[in-house]
Amino acid sequence: MKIYNTLSQKKEEFIPLEEGKVRMYVCGPTVYNYIHIGNARPAIIFDTLRRYLEYRGYEVNFVSNFTDVDDKIIKKANEEGVSATEISERYIKEFRTDMIALNVREATLHPKATQEIDGMVEMIEDLIKKGHAYEKNGTVYFRTRSFKNYGKLSKKKLDDLEAGIRIAVSDEKEDPMDFVLWKPKKEGEPSWPAPWSDGRPGWHIECSVMSRKYLGEQIDIHAGGEDLVFPHHENEIAQSEAANGKEFARYWMHNAFLNIDNKKMSKSEGNFFTVREICELYDPQVLRFFMLNSHYRSPLNFSKDLVESAKNSLTRILTSIGQLEHLMESGTLKREFISSDEQLLLAEAEALNTKFIDALDDDFNTADAIAAIFELVKLANTNCSAQSSSEFVKTIHERLVNLCQILGLETTKEEDLLDADIEKLIEDRQTARKNKDFAKSDQIRNLLLEKGIVLEDTREGVRWKRS
RNA sequence: GGCGACAUAGCCAAGUGGUAAGGCUCCGGUCUGCAACACCGUCACCACCAGUUCAAAUCUGGUUGUCGCCUCCA
């Protein structure tokens, strides 16, 4: 398997530190609000990557943190007049709700920054001891110049950065590019005791500490949105490698941004959707499919039309699978043994399976993998009928479902239990059709349509599905 | 100013040397009582210019355009 490594800016063969095992860390959300669809991109992408690695036989230790202490959380808490903990716990819960909707699995572990303060204090002390950090008036800074590889991920030079500096330079800092590891508390802020001051950690230190604690000093994959490359990941590298004296992460993966109507999402522009909002309009699976239908390193545009298109595409796959299930359940498949023609088609299906795997092996090309699924759908739609052998239909169905599952796309019908009422209406309609009472049959169909039930009169009988 | 991406049909999107996957939409047809689903068919001179090569969307140089990071941000 090849992975594009931001560090080398090349696709590299993926070789884990320990054979058969993958240690993976993905920077998680700062929990101060509902997540937006931009946040959903890395969540879906890297959940799918994890599923694929597992499919390929790796044991994946997947850690993703919650940043539950931060300026934005404190601000929100003060606005509402509640504690920061109340805010963070509330939105951790909401985050989980969204993840379940998107079919994103729980990480192996979701550590919270506030539960790891001891470890952070320890690492900061160690960095001071090693000359990589210093304290001024209760604040501890990382001594950027002391880490000679600073900038290796983002390909920035310290001197260039300083030339373009836009942040207010603090007199306390030895160098404008030094960043905060620990800061003293201000009035009304949560704080923890530490040798330098009662205060709280800087943003970057938490990931260094949590990934070391739960995955070890060296990890295989560290992932996140491309905006995290600088400064967050660059600073993590500096902290971790300065403290541990060895390479931190082997492969750095970054997803490109999601834009809305070709513009960057921002609250001031108002072009902003939460996952919750989109899930009210569409099946969350549509959002998942939408994200996977393009390469994770390409910028992706989001608009209602594009989601609508994704919805139609996904429906094509699900309809086909539903049709296969209908064939298998309806008892119309009389023949058991596979014909020679079917044998050839199964070989084609096998080739498409390989195409799917090859695509994902090549820097996780989900768009290409999905193309293979569509080709299999075409094969199924064209060749599976009442005349097919049951074994053939079953095999094609398994293949299709399996590929969808690797991508985390659910193919099972949500509710198989037909309301007796609906069943009755469909029967009535069939009777009306036999009697050529089309006015009545259309009336029933429209009635069902209003309830979100779409009928399809296939050769093998009437099928229905929720729109 | 520094660093880095990207530019393929109406739309989305694969494709890193051998004359363009896949999806959506439109149109024509088959199927259907009609519709939906499905199937068949039609739809690309790969931003521009120059170069390398027997051969380039694919490599090199340049031009134009779009975007991201450098500040909290997925």
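Going by the structure above, here's the rest.
Just so we're clear, the structure is a prediction, and the values are computed from it rather than from any experiment.

**As for the nonpolar core**
Formed by 86 residues in total, the largest nonpolar core has its most connected members in M24, I221 and F356. With nine residues, helix α1 (residues 37-55) is the largest single contributor of residues to this core. Not counting residues within four places of it along the chain, the set of residues in contact with M24 comprises F46, L49, L53, V60, N61, F62, V63, L215 and I221. V121, W196, M210 and I219 belong to the second largest nonpolar core, which has 41 residues in total.

**Focus on the side chain of E342**
Following the sequence through the fold, E342 ends up in helix α11 (residues 340-361). With a relative accessible area of 6%, E342 lands in the buried category. Within polar-contact distance, the side chain of E342 engages the side chain of S389 at 2.8 Å. Aside from chain neighbours lying at most four places away, what touches E342 is R335, F337, S388, S389 and F392.

**Examining the packing of helix α12 (residues 366-383) against helix α13 (residues 390-406)**
A packed helix pair is summarised by two numbers, namely the angle formed by the two axes and the spacing between the axes. Close contact between α12 and α13 brings their axes to 11 Å; oriented N to C, the two are set at 160°. As judged from the angle between their axes, α12 and α13 are roughly antiparallel. Like other packed secondary-structure pairs, α12 and α13 cross with a definite hand, here left-handed. Contact residues: α12 offers I373, L376, V377, L379, A380 and N383, while α13 offers F392, I396, R399, L400, L403 and C404.

**With respect to the state of the cysteines**
Per the stated rule, a full pass over the model turns up zero disulfides. You can see C207 has no disulfide; the closest cysteine sulfur is in C27, sitting 3.9 Å from it. C404 supplies the cysteine sulfur nearest to C279, a cysteine that is in no disulfide, at a spacing of 19 Å.

**Here we look at the pairing of strand β2 (residues 10-13)**
Direction of pairing for strand β1 (residues 2-5) relative to β2: antiparallel, over a ladder of four bridges. Within the sheet, the bridge partner assigned to I3 lies in β2 and is E12. Here β1 hands over to β2 after four residues, with Q9 in that stretch at a positive phi of 60°.

**Topic: the pairing of strand β3 (residues 21-26)**
Working note: regular strand, side chains alternate between the two faces of the sheet. As paired strands, β3 and strand β4 (residues 59-64) are joined by six bridges and run parallel to one another. Bridge pairing in β4 links V22 to V60. Where the polypeptide runs from β3 across α1 and back to β4, its parallel neighbour, the crossover connection is right-handed. Pairing of β3 with strand β9 (residues 219-225) involves three bridges; the strand directions are parallel. Counterpart to V26 in the pairing with β9 is A223.

**Regarding the sheet that holds strand β8 (residues 199-201)**
Pairing within the open sheet is antiparallel, and its four strands lie in the order β5-β6-β7-β8. Edge positions in the sheet fall to β5 (133-136) and β8, since each has one partner strand and no second. Within this sheet the neighbouring strands show an average axis-to-axis angle of 20°, counted without direction. Inspection of the sheet shows strand β6 (residues 139-142) paired to strand β7 (residues 179-184) by three bridges, in the antiparallel sense. When the bridges of β7 are listed, Y141 appears paired with V180.

Thresholds, definitions, all that
- Residues numbered from 1 in each chain as written.
- Chains lettered and ligands numbered in written order.
- Predicted model: local features only at pLDDT ≥ 70, side-chain atom pairs only at ≥ 80, totals over all residues.
- Heavy atoms only, no water.
- Core = buried A, V, L, I, M, F, W, Y, C linked by side-chain atoms within 4.5 Å.
- Buried < 20%, exposed > 50% of the residue type's maximum accessible area, 1.4 Å probe, protein only.
- Helix = DSSP H or I, 4+ residues; strand = E, 2+ residues; numbered from the N terminus.
- Contact = heavy atoms within 4.5 Å.
- Polar contact = N/O pair within 3.5 Å; in protein donor to acceptor, adjacent residues only side chain to side chain.
- Axes fitted to C-alpha atoms, helices over the stretch in contact; angles between N-to-C directions.
- Parallel < 35°, antiparallel > 145°, perpendicular 65-115°, else oblique.
- Left-handed = near helix turned anticlockwise from the far one by under 90°.
- Disulfide = S-S within 2.5 Å.
- Pairing = 2+ DSSP bridges.
- Right-handed = clockwise from strand over helix to strand, strands pointing away.

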